[in-house]
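# Remarks on the overall topology
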Amino acid sequence: MSPSRVLVLNSGSSSVKYQLLDMRDGSRLATGLVERIGEQTSRLKHTCAAGGGTREQNGPIADHEAALKAVADELERDGLGLDSPELAAIGHRVVHGGMFFTEPTVIDDAVLTEIERLIPVAPLHNPANLTGIRTARALRPDLPQVAVFDTAFHTTMPEAAARYAIDPKVADRYRIRRYGFHGTSHAYVSRETARLLGKAPEEVNVIVLHLGNGASASAVRGGRCVDTSMGLTPLEGLVMGTRSGDLDPAVIFHLARVGGMSMDEIDTLLNKGSGLFGLCGDNDMREIRRRIDEGDEQAKLAFDIYIHRLKKYIGAYCAVLGRVDAVAFTAGVGENAAPVREAAVAGLEGLGLAVDPEANAVRADGPRLISPTGARVAVAVVPTDEELEIAEQTYALVGSKPGSNHGGADE
Ligand code: AMP
């Protein structure tokens, strides 16, 4: 039997999330997280599906290399080690692939160089992704490693949607354009939405609303992205947990000239101190709803601003698509917060959008319709699964090849 497992690695600046999947049925063999890498209080939490147990390690983990070695040790303890002949590949989430990477790509030195060249447009994310890749390659130099890019799904956007209205010479020199993010989620959810409707992806136009701590919307025509709300960076678009989303670019000049703030201070304000958190001091939608129920005006205003922006994007993407077959809510807020879904489509009956209050209130794990029977546009809750999408894209690329020095001989 050929190797059937894929390890998915998502390396952040101070964390590594991982999942080991069996691609024969998409099941999780192990999942885990290393956080606060480089601090005294690092923590590794590892869960093995077969044993059903969760183990935790607390104590300093110096860097990504030490983190990945600790993960490899944990997997080894469960008989799922990185040297297993059943491991087909490692799939890495890479945030920024620019316009160069339109597809998942097997990593070699040239690919690493190109991801490195993109650091100026993704200074927070690509360096961490690169560290994860380099460490994993050092641990298993013989194993195929694949980069799956957050931006790739959006590379189909037409120039009219992807270009900003600035001098193209300036834009091209600094590679300024709309790239979009959360691409693996938008790809997965738009496909799953088509499946829910019993149609092929090519047959349907879908608006995907990925509402997590980060949030983005996309317009997907026949399986291809034609517009998305995040831009050069993940700052643009919807109101998010701590990011402002859209604002007049002149706010930045104003804060610098009149407020005397440095570029770094403004960057931190807009990325980490804005959005729901900046508006009301909380970025968790559960807490915001609780405060609203207690009559908190500040939380109510934050919620209203969040919903107003969301509605504007739904309307805009109805216009971009012309015909909309479905609106899909996904990620932490989209999958769990019925009041957000209800408020987002309230008053949009003219666009064919409505939710059935009973269906909307149901809590369930799988994809489901929440629009009234016979509605012109389906409104759906479609749980995202970025790790499965990364694993599937990785496996599709390398699955049939032997995954190790063991020459593919296994079991
Ligand atoms: P994500 O980034 O997709 O993991 O989403 C995280 C966010 O989802 C949290 O910050 C919460 O705002 C939101 N969230 C998670 N669970 C719930 C829930 N049961 N109800 C409302 N919001 C939720």
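In this numbering scheme, every chain counts its residues from 1 along its sequence in written order. Per-residue local features of the predicted model are confined to residues with pLDDT of at least 70, and side-chain atom pairs are confined, for both listing and counting, to 80 or more; whole-chain, interface and lining totals are unaffected and use all residues. Only heavy atoms go into the side-chain values, all of them from the structure, while hydrogens and water stay out.

## Observations regarding the overall build of the protein
Counted only if it meets this: Secondary structure elements are defined from DSSP: runs of H or I of at least 4 residues count as helices, runs of E of at least 2 residues count as strands, and each element is numbered from the N terminus. Radius of gyration means the value over C-alpha atoms here, while the globule rule gives 2.2 Å times the residue count to the 0.38 power. We call a residue buried when its accessible area falls under 20% of the maximum for its residue type, exposed when it is over 50%, and partly exposed in between, using a 1.4 Å probe and counting protein chains only. Here a residue-residue contact requires only that any non-hydrogen atoms of the pair lie within 4.5 Å. Method for areas: the Shrake-Rupley scheme with a 1.4 Å probe, in which residue coverage is limited to the protein chains shown. Lys and Arg are tallied as positive, Asp and Glu as negative. Neither His nor the chain termini are counted. Each charge is placed at NZ for Lys, CZ for Arg, CG for Asp and CD for Glu.
The number of helices and strands found in the protein is 15 helices and 14 strands. Since a compact globule built from 411 residues should have a radius of gyration of about 22 Å, the 22 Å found for the protein is in line with a globular shape. Viewed in the frame of its principal axes, the protein has a C-alpha envelope of about 60 × 55 × 45 Å. Of all 411 residues assigned to the protein, the portion counted as buried reaches 52%. When contacts within the protein are restricted to residue pairs at least 6 apart in sequence, those whose partners lie at least 24 apart make up 63%. Summed over all atoms, the accessible surface of the protein reaches about 18,300 Å², with 53% contributed by carbon and sulfur. For the protein, the distance from the average site of its 43 positive side-chain charges to the average site of its 55 negative ones is 4 Å.

## Remarks on unusual backbone geometry
Here the phi dihedral of R36 falls at roughly 55°; this positive angle occurs in a residue that is not glycine. By the element assignment, R36 lies in the loop between β3 (27-35) and β4 (43-48). Within the chain, H182 stands out as a residue other than glycine whose phi angle is a positive 55°. The class for H182 is buried, based on a relative accessible area of 11%.

## A closer look at the nonpolar core
Quick note on the threshold: As used here, the term nonpolar core means buried Ala, Val, Leu, Ile, Met, Phe, Trp, Tyr and Cys residues forming a set that is joined through side-chain atoms within 4.5 Å.
Core analysis: the biggest nonpolar cluster contains 45 residues, and I207, L209, L211, M285, Y306, L310 and V340 have the highest contact counts within it. With eleven residues, the top contributor of residues to this core is helix α11 (residues 297-321). Apart from the residues within four sequence positions on either side, I207 is in contact with S218, I314, Y317, C318, L321, V324, A326, V327 and A328. Formed by 29 residues, the second largest nonpolar core is a distinct cluster that contains A162, A187, C225 and A378.

## Remarks on the packing of aromatic side chains
Defined as follows: Working definition: a ring pair exists when centres of Phe, Tyr or Trp rings (six-membered ring for Trp) sit within 6.5 Å. Plane angles under 30 degrees give stacked, over 60 give edge-to-face, the rest tilted.
Taken as a whole and judged by the stated rule, the model has three aromatic pairs. Note on F101 and F149: the rings are 4.3 Å apart at their centroids and 10° apart in plane angle, and the pair reads as stacked. Of this pair, F101 sits in the loop between β6 (87-94) and β7 (105-106) while F149 sits in strand β8 (residues 145-149), and the two are 48 residues apart along the sequence. According to the relative accessible area criterion, F101 is buried, its value standing at 3%. Take F149: its relative accessible area is 2%, and that puts it in the buried class. Centroid distance Y313 to Y317: 5.7 Å. Interplanar angle 75°. Geometry classified as edge-to-face. Highlighted residues: Y313 and Y317, both in helix α11, separated by four residues, approximately one helical turn. Accessibility classification places Y313 together with Y317 in one group, the buried group.

## Overview of the side chain of R341
Definition in use: In what follows, salt bridge is the name for a side-chain nitrogen of Lys or Arg lying within 4 Å of a carboxyl oxygen of Asp or Glu. N or O atoms closer than or at 3.5 Å make up a polar contact, with two conditions inside protein: a donor-capable atom paired with an acceptor-capable one, and, for residues adjacent in sequence, both atoms drawn from side chains.
By the secondary structure assignment, R341 is in helix α13 (residues 338-345). Summary of buried charges: R341 has no salt-bridge partner, and the nearest side chain of opposite charge, E335, is 8.1 Å away. In this structure the side chain of R341 is engaged in a polar contact, spanning 3.1 Å, whose partner is the backbone oxygen of E335. Setting aside residues up to four positions removed in sequence, R341 forms contacts with F329, G334, E335, N336, V355, N360, I370 and V381.

## Quick look at the sheet that holds strand β14 (residues 378-381)
Paired through backbone hydrogen bonds, the strands of a sheet run either parallel or antiparallel to each other. In plain terms, the rule: For two strands to count as paired, DSSP must find a minimum of two bridges between them. A fitted line through C-alpha atoms serves as each axis, taken over the contacting stretch for helices, and the angle formed by two N-to-C directions is quoted from 0 to 180°.
Sheet architecture is open: six strands sit in the order β11-β10-β9-β12-β14-β13, paired in mixed fashion. Taken across any chain shown, the strands that pair with only one partner, and hence form the sheet edges, are β11 (224-228) and β13 (368-369). Pairing of strand β12 (residues 326-330) with β14, which is carried by four bridges, proceeds in the parallel orientation. The residue bridging F329 from the neighbouring strand is V381, located in β14. Its contacts with the sheet place helix α6 (residues 183-196) against β9 (205-211), β10 (215-221), β12, β13 and β14, and it is angled at close to 130° to β9.

## Details of the confidence of the model for the protein
The condition is simple: By definition, pLDDT measures how confident the predictor is in each residue, and it falls between 0 and 100.
Per-residue confidence for the protein averages 93 on the pLDDT scale, and 97% of its residues sit at or above 70. Below pLDDT 50 for its whole length, residues 402-411 participates in 26 contacts with residues either more than four positions away or in separate chains.

## Re the site of the ligand
Where we set the bar: For this purpose, a residue is taken to be near a molecule or strand whenever a single non-hydrogen atom of the residue falls within 4 Å of it.
Lining the immediate surroundings of the ligand are G212, N213, N283, D284, M285, R286, A331, G332, V333, N336, A337 and R363. Backbone polar atom of M285 to an oxygen atom of the ligand: 2.8 Å apart, as the coordinates give it. A distance of 3.4 Å separates a nitrogen atom of the ligand from a polar side-chain atom of R286. About the coverage of the ligand: the protein hides 69% of its 510 Å² of free accessible area. For the shell around the ligand, the secondary structure elements donating two or more residues are α10 (285-293) and α12 (331-336). A per-element tally of the shell around the ligand places α12 first, with four residues.

## Overview of the pattern of salt bridges
Summed over all chains, the structure comprises 29 salt bridges. Between R5 and E86 there is a salt bridge whose closest N-O contact spans 3.0 Å. On the criterion of sequence distance, the pair formed by R5 in strand β1 (residues 5-11) and E86 in the loop between α1 (64-77) and β6 is long-range, its members being 81 residues apart. The class of R5 is buried, set by a relative accessible area of 12%. When its relative accessible area of 15% is taken as the criterion, E86 is described as buried. A salt bridge links R291 to D296, with the shortest nitrogen-to-oxygen separation between them at 2.8 Å.

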